[in-house]
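Tertiary structure, described
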Amino acid sequence: MAEAADPGKVKVALCQLHVTADKEQNIATAKAAIEDAAHNGAKLVVLPEMWNCPYSNDSFPSYAEDIEAGPSPSTDMLAAAAAAAGVTLVGGSVPERSVGKLYNTCCVFDHTGKLLAKHRKTHLFDIDIPGKMTFKESLTLTPGEGPTVVDTAAGRLGVGICYDIRFPELAMLYAKRGVQVLVYPGAFNTVTGPLHWELLARARAVDNQCFVITCSPARNPDASYQAWGHSTVVGPFAEVLATTEHEPTTIYADLDFAQVKERRANLPLTQQKRHDLYELVDRSSSSSKQ
Ligand SMILES: O=C([O-])CC(=O)C(=O)O
């Protein structure tokens, strides 16, 4: 893959949305947040995981949309909002129905509203911490089949969804393909979030010397799943550039892409790897548009 273009400086907005059981209201909330972010000068806008429905296996099937065949009110709104606002939009994720299966899917749009890529959550969130947090996405969802690298006006993005951030190999594979920004719409929870959320974002940043963006829904006290919130932007030296607590808000950061080059030059880890001792094997085909 050719080297990624340098987009200079890009203002990013992370919309930590209040998600309810009312899909229409969620769509209206997201639309308003995108407009607001663009109004405040953002050129890259990121939404959270499962922003159009409650995070629960009971909800995924009934809120799911067929993104390709339609009707898809959620992603149609995203395309229109990206075009109206003139922004690159990483549209968080929504439950996607496709050929009888359900996926947790993130759509990326350009500033004209064109769908550039679709990432389906590759590692499903199946965990069991007895008495604290048990969730099994695989009861309803199917994992995606590949990584997603997408060239946008706001840099080369590598997309993961939430639990995907726990797998360093995926991020390494993205870095190997020249990704400048790892973007993870996510919804950690009040059990795993406090210790792991920022740690994982900073770890992926320090390993791969790139920006890492994690965007969560706000915590809704009425929801069965209590999202951690704390949407965060991390720079290529693992520094936190912007973060927040768990209330609905939009946070902003200026991504200076020269920093990615600079940090990779300061610490030339890629050239210093001991390929005689170990190797990352990429078994996926090139960037996927599933
Ligand atoms: O929701 C997810 O996919 C991931 C999550 O909360 C965790 O890993 O703790």
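Before reading further, recall that the structure is shown in the block above.
Residue positions are counted from 1 within each chain, in the order its sequence is given. Residues qualify for local features only when their pLDDT is at least 70, as the model is predicted, and side-chain atom pairs are given and counted only at 80 or more; totals for whole chains, interfaces and linings, by contrast, use all residues. With hydrogens and water excluded, all non-hydrogen atoms of the structure serve as input to the side-chain values.

Turning next to the packing of aromatic side chains. Only Phe, Tyr and Trp rings are paired, with Trp represented by its six-membered ring, and only when their centres lie within 6.5 Å; those with planes under 30 degrees apart are stacked, over 60 edge-to-face, the remainder tilted. For the structure on display, the rule yields eleven aromatic pairs. Ring centres of Y55 and F125 lie 6.4 Å apart, and the angle between their planes is 45 degrees; on these two criteria the pair is classed as tilted. Taken together, the residues Y55 in the loop between β2 (44–46) and α2 (60–63) and F125 in the loop between β6 (115–120) and β7 (126–129) connect sequence positions 70 residues apart. For each residue, the accessible area found with a 1.4 Å probe, counting protein chains only, is set against the maximum for its type, and the residue is called buried under 20%, exposed over 50%, and partly exposed in between. What makes Y55 buried here is its relative accessible area of 9%. By relative accessible area, which is 6% here, F125 ends up buried. Plain terms: the ring middles of F125 and F135 are 5.5 Å apart, the flat faces sit at 20 degrees to each other, and that makes the pair stacked. One end of the pair, F125, is in the loop between β6 and β7; the other, F135, is in strand β8 (residues 133–136), and ten residues separate them in sequence. Comparing F125 with F135 shows no difference in burial state: the two are buried. One residue, K11, lies across the ring of Y252, its end atom 5.1 Å from the ring centre. Positioned above the aromatic ring of Y103, the side-chain terminus of R120 is 3.9 Å from the ring centre. Each helix corresponds to a stretch of at least 4 residues labelled H or I by DSSP, and each strand to a stretch of at least 2 residues labelled E; elements are numbered beginning at the N terminus. For a lysine, the NZ atom is tested; for an arginine, the CZ atom; a charge sits over a ring if that atom is within 6 Å of the ring centre and within 35 degrees of the ring normal.

Side chains M133 and F135 project from β8 onto a buried face, and the interleaved T134 and K136 project onto a face without burial. Strands pair, by our definition, only if DSSP identifies at least two bridges between them. Note: β7 against β8, four bridges, orientation antiparallel. The partner of D126 across the bridge, within β8, is K136. The turn joining β7 and β8, which pair antiparallel and follow one another in sequence, is formed by three residues; a positive phi near 80 degrees is taken by G131.

Moving on, we get to the sheet that holds strand β10 (residues 155–159). With mixed pairing, the six strands of this open sheet are ordered in space as β9-β10-β11-β12-β13-β14. Only two strands of the sheet have a single partner each, and these edge strands are β9 (148–152) and β14 (240–243). Within the sheet, the average angular offset between the axes of one strand and its neighbour, ignoring direction, is 20 degrees. Here three bridges tie strand β13 (residues 232–234) to β14, and the two strands are oriented antiparallel to one another. Each bridged residue has a counterpart across the sheet, and for V233 the counterpart in β14 is A242. All axes here are fitted lines through C-alpha atoms, helices being fitted over the stretch that makes contact, and every angle between N-to-C directions spans 0 to 180 degrees.

Our next topic: the state of the cysteines. The criterion for a disulfide is a pair of cysteine sulfur atoms lying within 2.5 Å. Counted according to the given criterion, the structure contains zero disulfides. Cysteine C106 is unpaired, with the sulfur of C107 as its nearest cysteine sulfur at 6.7 Å. For C106, a relative accessible area of 0% corresponds to the buried category. Summary of cysteine pairing: C215 is not part of a disulfide, and the nearest cysteine sulfur, belonging to C15, is at 6.4 Å. Overall, the relative accessible area of 0% leaves C215 in the buried class.

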